[in-house]
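Structure at a glance
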Amino acid sequence: MDITERKRAEEELRETGERLRDFLDNANDLIQSVAPDGRLVYVNRKWRETLGYTEEEIAGLSLFDIIHPDSLAHCTEVFQRVIAGERVDRVEAKFVTKDGRAIMVEGSVNCLFEDGKPVSTRGIFRDITERKRAEEALRESERRYRLLAENATDVIWTGDMNLSPTYVSPAVTRLLGYSVEEAMAQTLDKLLTPASLELAMKALQEELSVENTEQKDLFRSRTLELELNCKDGSTVWAEVGMAFIRDPDGRPVGIVGVARDITERKRAEEALRASEEKYRDLVEGINDGYLLLQEGKVVFVNEKMAQMGGYTVEEVVGLPFITFLSAEERQPMVELYQAVMGGRQPVPEMLELTLLRKDGSTFPAEFRPSRVTEYKSGSAIIGIIRDITQSKRAEEVLRKSEEEFRLAFENAKDAILWGDPETGLIINCNKAAETLLQKKREEIIGYHQTMVHPPQQAEYYAKVFKKHIEQKGVVDEEAEVITKSGEIKPVHITASVTLVGGKPIIQGIFRDITERKRAEEELRASEKRFRDIAENALEWIWEVDANGKYTYASPIVEEILGYEPEEILGK
């Protein structure tokens, strides 16, 4: 019988089978065929490489040999469904490699039937171990982020490119009074005052325009000070830092922001602006120099400051502050100023500088700065400057004297008392303590530490010291001491347990704040005098708020307009 055609067909079938096997062996997916009893009939090269088995080892393996115990029940159930005729897609399972490693796979499984009976299952899987790890890492990252956001004091929020909120942290309730759900439902024009809404939209447009440039910074952020509407109708100020959320290609797809309540700071700044003119006379009346620095230049100075440098007020205004500094102090002060104004360093409490007069001579000065966040066109620094030439001379004389006759701790200007933590008895003191208490050292040492306070306060401070000692804390508060003559003096106390000679002691530092208290009282008296002058002035003196309503009117308004001062308030 001529079997040429049959042989040709068999050859073509053989070649087709070889090409199919070559195709399967070079596929990037894990391909397997499993008999109904679980024996592995065929696996491709990628399957063997991934699980670490050779072709010879496959013959003795069952499907259930390579399934991780965690997935065994699930895979058994899927296998039964497949040989029953169901095709199962998106199967996830955990396999075990030859060396014991667990890998995650995802794929689909169906079954080949002949004469209605299952012959073998066919499965195509993909190794998703790394993807699963990445997803788990992402979930953990999101969990930590949400934990941070849910417990942060500041309000953390996200929004889409239309500025509609997509997430708001619980801190919004404390800031605005809204629940999270209520805040999420608010539109931007409801949350922001009109002026702040305009500012926010302008900033967004500016940031979007930057996106069209080639040199854009993908990690840039923007900070705005915005006024927000609270649920109860009041408003608060917030410092809002914002940045774009970007997709993998760097395109902005949303916004993330952090809002911090700065209402009190804004009120303080507003109060400073409102009182600037009112206290100009007070500034001129103080014995210290006063100046206001903006962008490194003097924008305001009192007469006393001008006189210190041998200038007129008109000559000083507009000059760079470094004009008044010695050559060696200029660069450090420029760097400090830039760091403070840039927010990288806090404002120092006090600096000692060597200042230059107009004639080139120098004098030592004490410079006490404070920062004003908003003054006219921007941030500014207020500085109180005191000529300390005489005090420096006095300090030098005192230093030399103390170097000869006193121990190191007695050089302190503040009173220092050392006490026994167990008994509370004073075991040592310095000269300043003798001066403060008007007692000799022998009258102080050996007595209980509470004896320095007025009798009615002794029990209170005994409890305070005991509490802080037990908690290993620091006492930092204002108090009163009683001198030998019975005089009561205000002091600031800093006390803590420290080691001296290897033994714990209570070290208390007492700073006499009599002069500061007197200055505060004088300031209050000055303000009262200002009010008294206004109350008795022959001219009508008045104040109005930002809405044009009277907040103060001197009594003479009755003679001028016929109103009682109280009647005109609020009009």
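For the structure, see preceding data.
Residues numbered from 1 in each chain as written. Predicted model: local features only at pLDDT ≥ 70, side-chain atom pairs only at ≥ 80, totals over all residues. Heavy atoms only, no water.

A few words on the overall build of the protein chain. Looking only at helices and strands, the protein chain has 21 helices and 22 strands in total. By the compact-globule yardstick of 25 Å for 571 residues, the protein chain is too spread out, its C-alpha radius of gyration being 41 Å. The principal-axis extent of the C-alpha atoms belonging to the protein chain is close to 135 × 70 × 55 Å. Taking all 571 residues of the protein chain together, 36% fall into the buried category. Residue pairs at least 24 apart in sequence account for 38% of intrachain contacts in the protein chain once pairs closer than 6 positions are excluded. Accessible surface, the protein chain as shown: approximately 34900 Å² in total, 53% of it carbon and sulfur. Here the protein chain holds 79 positive side-chain charges and 106 negative ones, and the gap between their average locations is 3 Å. (Helix = DSSP H or I, 4+ residues; strand = E, 2+ residues; numbered from the N terminus. Rg over C-alpha atoms; globule rule 2.2 N^0.38 Å. Buried < 20%, exposed > 50% of the residue type's maximum accessible area, 1.4 Å probe, protein only. Contact = heavy atoms within 4.5 Å. Areas by Shrake-Rupley, 256 points an atom, 1.4 Å probe, with all protein chains shown as cover. Lys, Arg positive; Asp, Glu negative; His and termini not counted. Charge placed at Lys NZ, Arg CZ, Asp CG, Glu CD.)

This part takes up a negative patch on the surface. The grouping of Glu-558, Glu-559, Glu-564, Glu-566 and Glu-567 at the surface amounts to a negative patch. Breaking the negative patch down by element, the ones donating at least two residues are helix 20 (557-561) and helix 21 (565-568). Relative to the helices and strands, Glu-566 is located in helix 21. We classify Glu-566 as exposed; its relative accessible area is 58%. (Patch = residues over 30% accessible without salt bridge, like charges linked within 9 Å, V, L, I, M, F, W, Y side chains within 5 Å. Salt bridge = Lys/Arg side-chain N within 4 Å of Asp/Glu carboxyl O.)

As a further point, take the packing of aromatic side chains. For any two aromatic rings, the description comes down to two numbers: the centre-to-centre distance and the angle of the planes. With the rule as written, the count across this model stands at 11 aromatic pairs. Put simply, the rings of Tyr-311, Phe-321, Phe-324 and Phe-367 touch in pairs and so form one group of aromatic residues. Over the ring of Trp-237 we find Lys-266; its NZ or CZ atom is 4.4 Å from the centre of that ring. (Phe/Tyr/Trp six-rings, centres within 6.5 Å; stacked < 30°, edge-to-face > 60°. Lys NZ or Arg CZ within 6 Å of the ring centre and 35° of its normal.)

Turning our attention to a nonpolar patch on the surface. A surface patch of nonpolar side chains, amounting to about 270 Å² of accessible area, comprises Ile-560, Leu-561 and Tyr-563. The exposure class assigned to Tyr-563 is partly exposed, which follows from its relative accessible area of 36%.

Moving on, we get to the sheet that holds strand 17 (residues 426-429). The antiparallel open sheet is built from five strands, whose spatial order is 17-16-20-19-18. The strands lining the two open edges of the sheet, one partner per strand, are strand 17 and strand 18 (475-482). Taken over all neighbouring pairs, the strand axes of this sheet differ in orientation by 30° on average, direction set aside. Two elements, strand 16 (residues 415-419) and strand 17, share three bridges in a ladder whose sense is antiparallel. Directly across from Trp-418, in strand 17, lies its bridge partner Asn-428. (Pairing = 2+ DSSP bridges. Axes fitted to C-alpha atoms, helices over the stretch in contact; angles between N-to-C directions.)

Right, let's talk about the environment of Ile-103 for a bit. Here Ile-103 is to be found in strand 4 (residues 102-114). A C-alpha to C-alpha distance of 68 Å links Ile-103 and Tyr-460, two positions 357 residues apart in sequence. Setting aside anything within four residues of it in sequence, one finds Ile-103 in contact with Thr-50, Leu-51, Ala-93, Lys-94, Phe-95, Thr-97, Asp-127 and Thr-129.

Strand order across the open sheet formed by five strands is 7-6-10-9-8, with antiparallel pairing between neighbours. The outermost strands of the open sheet, each flanked by one partner alone, are strand 7 (165-168) and strand 8 (222-229). For this sheet, the mean inter-axis angle between neighbouring strands, taken without regard to orientation, is 30°. Pairing of strand 9 (residues 235-246) with strand 10 (residues 252-261) involves nine bridges; the strand directions are antiparallel. Of the residues in strand 10, the one forming a bridge with Ile-245 is Gly-254.

Enumeration according to the criterion identifies 41 salt bridges in this entry. The salt bridge involving Lys-98 is made with Glu-57; its shortest N-O contact spans 2.5 Å. Of this pair, Lys-98 sits in the loop between strand 3 (88-96) and strand 4 while Glu-57 sits in helix 3 (residues 55-58); the two residues are 41 residues apart in sequence, bridging distant segments of the chain. By relative accessible area, Glu-57 is classed as partly exposed at 28%. The closest approach of N and O atoms between Arg-518 and Glu-515, which form a salt bridge, is 2.4 Å. Taken together, the residues span about one helical turn, with Arg-518 and Glu-515 both in helix 19 (residues 514-536) at a distance of three residues. The exposure class assigned to Arg-518 is partly exposed, which follows from its relative accessible area of 38%. Where salt bridges share partners, they join Glu-206, Glu-207, Glu-211, Lys-216, Arg-220, Arg-222 and Arg-246 into one cluster.

This brings us to the side chain of Gln-457. Within the secondary structure layout, Gln-457 lies in helix 18 (residues 455-470). Judged by its relative accessible area of 17%, Gln-457 is buried. Among the polar contacts listed, one links the side chain of Gln-457 to the side chain of Glu-480, at a separation of 2.8 Å. (Polar contact = N/O pair within 3.5 Å; in protein donor to acceptor, adjacent residues only side chain to side chain.)

With a phi close to 55°, Glu-295 is a non-glycine residue in the positive phi region. Within the fold, Glu-295 resides in the loop between strand 11 (289-294) and strand 12 (297-301). For Gln-438, which is not glycine, the phi torsion reads 60° and is therefore positive. When you line up the elements, Gln-438 lands in the loop between helix 16 (431-437) and helix 17 (441-444).

So, on to the environment of Met-305. Positionally, Met-305 belongs in helix 12 (residues 303-308). The sequence separation of Met-305 and Ile-384 amounts to 79 residues, and the corresponding C-alpha distance is 9.0 Å. Beyond its immediate sequence surroundings of up to four residues, Met-305 is in contact with Gly-289, Tyr-290, Leu-291, Leu-355 and Ile-385.

As paired strands, strand 18 and strand 19 (residues 488-500) are joined by eight bridges and run antiparallel to one another. Residue pairing in the sheet places Glu-478 in a bridge with His-492 of strand 19. Remark: five residues form the turn of the hairpin made by strand 18 and strand 19, two consecutive strands paired antiparallel; Gly-486 in that turn has positive phi of roughly 95°.

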